[in-house]
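# Reading the structure
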Amino acid sequence: MTTNRKQTLGEFIIENQNSFQYSSGELSKLINAIRLAAKVVNHEVNKAGLVDIIGSVGDTNIQGENQQKLDVFANEKFIQTLTNREIVCGIASEEEDSFISINSSDENHQNKYVVLIDPLDGSSNIDVNVSVGTIFSIYRRVTPVGTPVTIKDFLQPGNQQVAAGYVVYGTSTMIVYTTGDGVNGFTLNPALGTFYLSHPKMKFPETGKIYSVNEGNYIHFHQGVKDYIKYCQMEEGDRPYTSRYIGSLVSDFHRNMIKGGIYMYPKSSVTGSGKLRLLYECNPMAFIAEQANGIAFGGKTRIMDIQPTELHQRVPFFCGSKKMVEKLQEFLERYQ
C-alpha cells in the first residue's frame, strides 16, 4: 500500500543538510528556530482581530514609521527565539536602531551566523485583515569567531547570503526559503502545527501577465518606469497586463512567483533612493528570486552585488519573471 504523505519541514532540513555550503548542523538549527518563531507569530496574527493586539503602540521604528502592536510582538518573539536557542552571534532587525550582539553560553562568542530580519512586513495591512509576512536573511560572520560581532558582519552584499526566506501569513501560512539550492515552500497544517512540503522546486514562469506597483505614485516615478507601466497597459499582443498590488512585499512577491509577474518599487521624487530596505527586504527576496529563475535588480545593477553602507539603507527594487524584468531594463536604459 502506498501513501502520499508529505515531507515535513523538519525532515526536509535533515535530508538536505549536506547540500548546505556549511553542513555543521548549525544552519539547520537556525532554520528550525525561525520555524518555531513563525508558528508563534502566526498564532498571534490569526487571532489579532479578537484581542487588543492590532493597531499602533504609539512609537516609531528607526525609519520613522508607526510601529504596529503586532510588529513589536513579532520582533520580540523572533529575537527571543533566536537568542534562547544560542545559534546566532548577532541579529539585525528592521525594528531596531542597531544590531544586537549575542553571546554563547560559554561567553566565547562561538556562534558563526548572523540573521537580518523584517519581523512583520506589510504590517500597515494588519488592521484590515490583509496578508502580512516575515522576511529573513542569514550570513556567516566575517569577523573572527570568539569575538563580539561588529557592523561588518551585517554590511555584507547579498551574494554572501547562505540562506534566505519568508513566511506569509495568509489564508494558509507558508515558509518559503532557499539555501542556494533552489526554492521550496512549506504550508502549515494548523491542526498539527506542522509545516509540510507543498511547493517543491518553486520557479518564476519565464513571463507573466501581472505587474505590481503603487500606481498612486506614478507622477513621481522615473520616466523609464512610467514608459514601462504604459507598455503594460497597452492593448497589444498578450497585453494589457493585470495590475495587482497588495502593499505587502511578501504577498506580492509570492503571488508573482507562482503566477508570473513583476514587482516594482522604484525610487521617486518623493522617496529618493527608494523605500525598501536593502538588507531586510531586497537582498533576501533577490536571493530567492534568482534561485527561482527570476531576476532582481536595483535599476542599474544586480541587487545582490550592492555593497551595503548602513543597516537601514534603502534602494530601488525590481524583481520577477525574467522576460518582464528584461523588458523593463530596456525602458530604463533609454534614459541612462
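Residues numbered from 1 in each chain as written. Predicted model: local features only at pLDDT ≥ 70, side-chain atom pairs only at ≥ 80, totals over all residues. Heavy atoms only, no water.

Applicable threshold: UniProt positions are given in the numbering used here, feature names are shortened, and annotations may be inferred rather than shown by experiment.
Under an unreviewed UniProt entry, the name given to the protein is Fructose-1,6-bisphosphatase class 1, and the organism recorded is Maribacter cobaltidurans. If you open the UniProt record of the protein and go to Pathway (unreviewed entry), you find "Carbohydrate biosynthesis; Calvin cycle." Under the Subunit (unreviewed entry) heading, UniProt states for the protein: "Homotetramer."

## Section: helix H3 (residues 69-84)
What counts, and what does not: Secondary structure counts use DSSP, requiring at least four H or I residues in a row for a helix and at least two E residues in a row for a strand, with both numbered from the N terminus. Helices are assigned an expected span. That span is 1.5 Å times one less than the residue count. Each residue's exposure class comes from its accessible area (1.4 Å probe, protein chains only) as a fraction of the maximum for that residue type: buried when under 20%, exposed when over 50%, partly exposed otherwise.
Over its 16 residues, H3 extends 22 Å from the first C-alpha to the last, a length consistent with the 22 Å expected when each residue adds 1.5 Å. For H3, every residue scored as buried is listed here: Leu70, Asp71, Phe73, Ala74, Asn75, Phe78, Ile79, Thr81 and Leu82. At the exit of H3 stands Glu86, carrying a positive phi of roughly 50 degrees.

## Here's the deal with the environment of His312
Quick reminder of the rule: Side-chain atoms alone can form a polar contact between residues adjacent in sequence; in general such a contact is a pair of N or O atoms within 3.5 Å, and within protein one must be able to donate a hydrogen while the other accepts it.
Summarising the element assignment, His312 is placed in the loop between strand E14 (294-297) and strand E15 (317-321). Residue His312 is classed as buried on the basis of its relative accessible area of 12%. For His312, the side chain forms a polar contact with the main-chain oxygen of Glu96, separated by 2.9 Å. Among the polar contacts made by the side chain of His312, one reaches the main-chain carbonyl oxygen of Asp97 at a distance of 3.5 Å.

## Quick notes on the pairing of strand E7 (residues 161-169)
Put simply, the rule reads: At least two DSSP bridges between two strands are required for those strands to pair.
In terms of burial, E7 is largely enclosed, as nine of its nine residues are buried. Here strand E6 (residues 132-140) pairs with E7 via eight bridges, running antiparallel. If you follow Val132 over to E7, its bridge partner there is Tyr169. As paired elements, E7 and strand E8 (residues 173-178) share six bridges and run antiparallel to each other. The residue bridging Ala164 from the neighbouring strand is Thr178, located in E8. Between E7 and E8, which follow one another and run antiparallel, lie three residues.

## Structural notes on the UniProt feature "binding site: substrate" (unreviewed entry) in the protein
Residues annotated by UniProt as "binding site: substrate" (unreviewed entry) correspond here to Asp121, Gly122, Ser123, Ser124, Asn214, Tyr245 and Lys275. Relative to the assigned elements, Ser123 resides in the loop between strand E5 (113-121) and E6. Among the secondary structure elements, Lys275 is positioned in the loop between strand E13 (261-265) and helix H6 (278-291). Overall, Lys275 belongs to the partly exposed group, its relative accessible area being 35%.

## Notes on the sheet that holds E15
Short version of the rule: Contacts are residue-level and defined by heavy atoms, with any inter-residue pair within 4.5 Å sufficient. Note on definitions: angles span 0 to 180 degrees between N-to-C directions of axes, and those axes are lines fitted to C-alpha atoms, for helices only across the stretch in contact.
On the basis of which strands lie adjacent, the open sheet formed by five strands has the order E12-E11-E13-E15-E14 and mixed pairing. Two strands lie at the open edges of the sheet, namely strand E12 (242-243) and E14, each paired on one side alone. Bridge analysis of strand E11 (residues 210-212) against E12 gives two bridges, and the strand direction is parallel. When the bridges of E12 are listed, Ile210 appears paired with Thr242. Each of E14 and E15 is contacted by H6, which is oriented at about 155 degrees to E14, the strand it contacts most.

## Some words on the environment of Thr8
Looking at the secondary structure, you find Thr8 in the segment before helix H1 (9-15). On a C-alpha basis, the gap between Thr8 and Leu188 in space is 9.5 Å, while along the polypeptide they are 180 residues apart. Beyond its immediate stretch of four places on either side in the chain, Thr8 contacts Phe186, Thr194, Phe195 and Tyr196.

## Quick notes on the side chain of Thr173
Mapped onto the secondary structure, Thr173 falls in strand E8. Classification of Thr173 as buried rests on a relative accessible area of 6%. At 2.4 Å, the side chain of Thr173 forms a polar contact with the side chain of Asn42. In contact with Thr173, other than residues within four places in its own chain, are Asn42, Val167, Val168, Phe186, Thr187, Leu188 and Phe195.

## Focus: the packing of helix H2 (residues 26-46) against H3
Which entries qualify depends on this criterion: Roughly parallel here means an angle under 35 degrees, roughly antiparallel means over 145, roughly perpendicular means 65 to 115, and every remaining angle is called oblique. In this scheme the handedness of a crossing depends on how the near helix is turned from the far one: anticlockwise by less than a right angle means left-handed, clockwise means right-handed. Residues were grouped as follows: Ala, Val, Leu, Ile, Met, Phe, Trp, Tyr, Cys and Pro as nonpolar; Asp, Glu, Lys and Arg as charged; and all remaining residues, including Gly, as polar.
Between H2 and H3, the shortest axis-to-axis distance is 9 Å and the interhelical angle comes to 155 degrees. Overall, the two elements H2 and H3 adopt an arrangement that is roughly antiparallel. Handedness of the crossing formed by H2 with H3: right-handed. Only Leu70, Phe73, Ala74, Lys77, Phe78, Thr81 and Leu82 of H3 make contact with H2, whose side of the interface consists of Leu30, Ala33, Ile34, Leu36, Ala37, Ala38, Val40, Val41, Glu44 and Val45. In the contact of H2 with H3, the residues fall into 14 nonpolar, one polar and two charged.

## Digging into the packing of helix H4 (residues 223-233) against helix H7 (residues 322-333)
Here H4 crosses H7 at 130 degrees, and the two axes come no closer than 8 Å. Looking at the two axes, H4 sits oblique to H7. Judged by the sense of rotation from one axis to the other, the crossing of H4 with H7 is right-handed. Where H4 approaches H7, its residues Gly224, Val225, Asp227, Tyr228 and Tyr231 are matched on the opposing element by Met324, Lys327, Leu328, Phe331 and Leu332. Considered class by class, the residues forming the contact of H4 with H7 number seven nonpolar, one polar and two charged.

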